[in-house]
Amino acid sequence: MRWAFEIMRRDLRLALRQGVDSLMAVVFFVLAVVLFPLGVGPEANILARIAAGVIWVAALLASMLSLERLFQTDYDDGSLELLALSPVALELVVLAKVVAHWLTTGVPLIVAAPVLAVLLDMDAQGFVVLIVALALGTPTMSLIGSVGAALILGARRGGVLLSLLVLPLFIPVLIFGVAAVDAAIGGFAARPHLMILSGLLIGAVALCPWASAASLRQSLE
Amino acid sequence: MLHRFANPTRFLRLSAALLPWTAGLTLVLLIAGLYLALFGSPADYQQGETVRIMYVHVPAAWMALFCYSCMAGASAVGLIWKHPLADMAAKATAPIGACFTFLALVTGSLWGKPMWGAWWVWDARLTSVLILFFLYLGYMALHNAFDDPTRGARSAAVLALVGFVNVPIIKFSVDWWNTLHQPSSVVKMGGPAIHPSMLTPLLLMGLAYTTYYVWVLLLRLRGEIVAGKVRAIRLRQAHG
């Protein structure tokens, strides 16, 4: 357990030292959302209607953008092999790296989301639910994405391939995430949707590290 | 048992014997099924003649799920026992399954226009089948993305197993969500809710699709094995 904690700290330190790189996801997130009022038109009622969906889709794409680097840098410089040889279970390594990835890319998204919701004129009733739903959804996406990131190691055109592999698997998170916010805005109970999101997160925590570790092992063979 | 039939040489001999039978069976079933579906079965009292789309659409959707299950099963066998023939079977199944999924989506769209008044609706069944189609595409893309074919096969196998979560979701989507797409009327508690005059051609078409799948799968597997041999011979020539 202590080892996993160390790996997490190492990844966090790397992300901090590289600085701008981990902020790219948030910048992309903000830019993608800002494009919508320009494309759809600035009418407040239309923007308020699509706000939840736009924010979620942009968050989905932003968290996918940064996934490619989850294992790639370690794979390129060989530290992934050392991690695999270390006494820690590879599943735990994956989990530690995913937590670090979420802290550096998922949490900034959650922080930026309410500001964007204000920009899009979203109903204030949905704010808390949006944050809770994103807090449940972004770690799920990091976990599912880790499988894709492990699968594409050493592949040609990995980045494009990653989106093809991972986006279909993100769809349940998107559906229930948007449904929760829409329910809260419409005055319905958001709780069931949030429960399903929690269920997805728990399932992903239980299963994704194994799948990622299995494909990491193959990439190191 | 598994290893007995998985030997490539024995498989080549066995499949050579099976090929004409599966081909013949496919043609007979397809002709019988199509005749019954297009001429021998009554038009629906509500849907009229458009109900005949069902005989193409429903078996295609069955096969889309069946092929994915076969692919995931073969992938699991390939991962666990590292058997090359299982990897090949999974790889050969993917394009067939993708075609069936595409066929189900297109015929569903053609059927949806007169029935629901829209080419496409975003209900749970349609959306999840669309995801299945993308999973097939992702599988094939990942398989071809590596210079080392065994690495591609392994990675794609993991993806196939991860994507398998979608199969029960598609199967039960019409029961879990209250959607426009009608719930299952053939496989359900208390027997099928469909008249035998329509059930017979439907099942015949389903069988025809299945034998077609086996036929094409055998063909592709044989091609794959021969291609492997050609590659080996070329390599030997290149090395002198």
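Every value quoted in this text rests on a predicted model; they were computed, and no experiment measured them.

Caption draft 1: Quick look at the overall build of chain A. Summing up its helical and strand segments, chain A has nine helices and zero strands in all. Taking 2.2 N^0.38 as the reference for a compact globule, 221 residues should give roughly 17 Å; the C-alpha atoms of chain A span a radius of gyration of 18 Å, in line with that estimate. Along the longest, intermediate and shortest principal axes, the C-alpha atoms of chain A span 55 × 35 × 30 Å. Counting all 221 residues of chain A, 47% fall into the buried class.

Caption draft 2: Representation of the overall build of chain B. The number of helices and strands found in chain B is eight helices and zero strands. Counting helices and strands in the order they occur from the N terminus, chain B gives α-α-α-α-α-α-α-α. With the principal axes as the frame, chain B shows a C-alpha extent of 70 × 35 × 30 Å.

Caption draft 3: Looking closely at the interface of chain B and chain A. Residue-level contacts link 15 residues of chain B with 15 residues of chain A. Looking at the side of chain B that touches chain A, the elements with two or more residues in it are α5 (124-143) and α6 (149-163) of chain B. It is α5 of chain B that provides the largest number of residues to the side of chain B that touches chain A, a total of seven residues. Its residues assigned to classes, the side of chain B that touches chain A comprises eleven nonpolar, two polar and two charged.

Caption draft 4: Just the confidence of the model for chain B, in detail. Summarising the model, chain B shows a mean pLDDT of 85, and 91% of its residues fall at 70 or more. Model confidence for the complex: the whole-complex pTM is 0.84, and ipTM, which rates the interface, is 0.79.

Caption draft 5: Layout of the packing of helix α6 (residues 90-119) of chain A against helix α9 (residues 191-220) of chain A. All names here are of chain A. For the pair α6 and α9, the least separation of the axes is 8 Å and the interaxial angle reads 110°. Considering the angle they form, α6 stands roughly perpendicular to α9. For the crossing formed where α6 meets α9, the hand is right-handed. In contact with L90, E91, V94 and L95 of α6, α9 contributes P209, W210, S212, A213, L216 and R217. Residues belonging to the contact of α6 with α9 are distributed by class as follows: seven nonpolar, one polar and two charged.

Caption draft 6: Region of the structure containing helix α3 (residues 54-81) of chain B. Taking 1.5 Å per residue as the helical rise, α3 of chain B with its 28 residues ought to reach 40 Å, and the 40 Å between its terminal C-alpha atoms agrees with that figure. Directly beyond the C-terminal end of α3 of chain B, a positive phi value near 50° is found at K82 of chain B.

Caption draft 7: Local environment of the environment of V33 of chain A. Residues and elements named next belong to chain A. Within the secondary structure, V33 is located in helix α2 (residues 20-40). Exposure remark for V33: the 23 C-beta atoms within 10 Å place this residue in the buried category. Between the C-alpha atom of V33 and that of A113, which follows or precedes it by 80 residues, the distance is 9.7 Å. With residues up to four places along the chain from it excluded, the contact list for V33 reads V54, I55, A58 and L116.

Caption draft 8: How the structure looks around the nonpolar core. Core analysis: the biggest nonpolar cluster contains 134 residues, and I55, A59 and A180 of chain A together with A64 of chain B have the highest contact counts within it. In this structure A64 of chain B touches G97, F100, T101, A104, V129 and L132 of chain B, once residues within four positions along its chain are discounted.

Caption draft 9: Local environment of the environment of P172 of chain A. One can find P172 of chain A in helix α8 (residues 158-186). Counting along the chain gives 35 residues from P172 of chain A to G137 of chain A, while the straight-line C-alpha distance between them is 9.8 Å.

Caption draft 10: Highlighting the packing of α5 of chain B against α6 of chain B. All names here are of chain B. The contact between α5 and α6 brings their axes to 8 Å, and the two run at 165°. The angle between the axes of α5 and α6 places the two elements in the roughly antiparallel class. The handedness of the crossing between α5 and α6 is right-handed. On α6, the residues that touch L135, G138, Y139, L142 and H143 of α5 are G152, A153, S155, A156, L159, A160 and G163.

Caption draft 11: Up close: unusual backbone geometry. For D121 of chain A, which is not glycine, the phi dihedral falls at a positive 65°. Within the secondary structure layout, D121 of chain A lies in the loop between α6 and α7 (127-151). Since 17 C-beta atoms lie within 10 Å of it, D121 of chain A is described here as partly exposed. Residue K82 of chain B is not a glycine yet carries a positive backbone phi of 50°. Structurally, K82 of chain B is set in the loop between α3 and α4 (84-116).

About the cut-offs
Residues numbered from 1 in each chain as written. Chains lettered and ligands numbered in written order. Predicted model: local features only at pLDDT ≥ 70, side-chain atom pairs only at ≥ 80, totals over all residues. Helix = DSSP H or I, 4+ residues; strand = E, 2+ residues; numbered from the N terminus. Rg over C-alpha atoms; globule rule 2.2 N^0.38 Å. Buried ≥ 20, exposed ≤ 12 C-beta atoms within 10 Å, placed from the backbone. Contact = placed C-beta atoms within 7 Å. Nonpolar A, V, L, I, M, F, W, Y, C, P; charged D, E, K, R; others polar. pLDDT = per-residue confidence, 0-100. Axes fitted to C-alpha atoms, helices over the stretch in contact; angles between N-to-C directions. Parallel < 35°, antiparallel > 145°, perpendicular 65-115°, else oblique. Left-handed = near helix turned anticlockwise from the far one by under 90°. Expected span 1.5 Å × (residues − 1). Core = buried A, V, L, I, M, F, W, Y, C linked by C-beta atoms within 7 Å.

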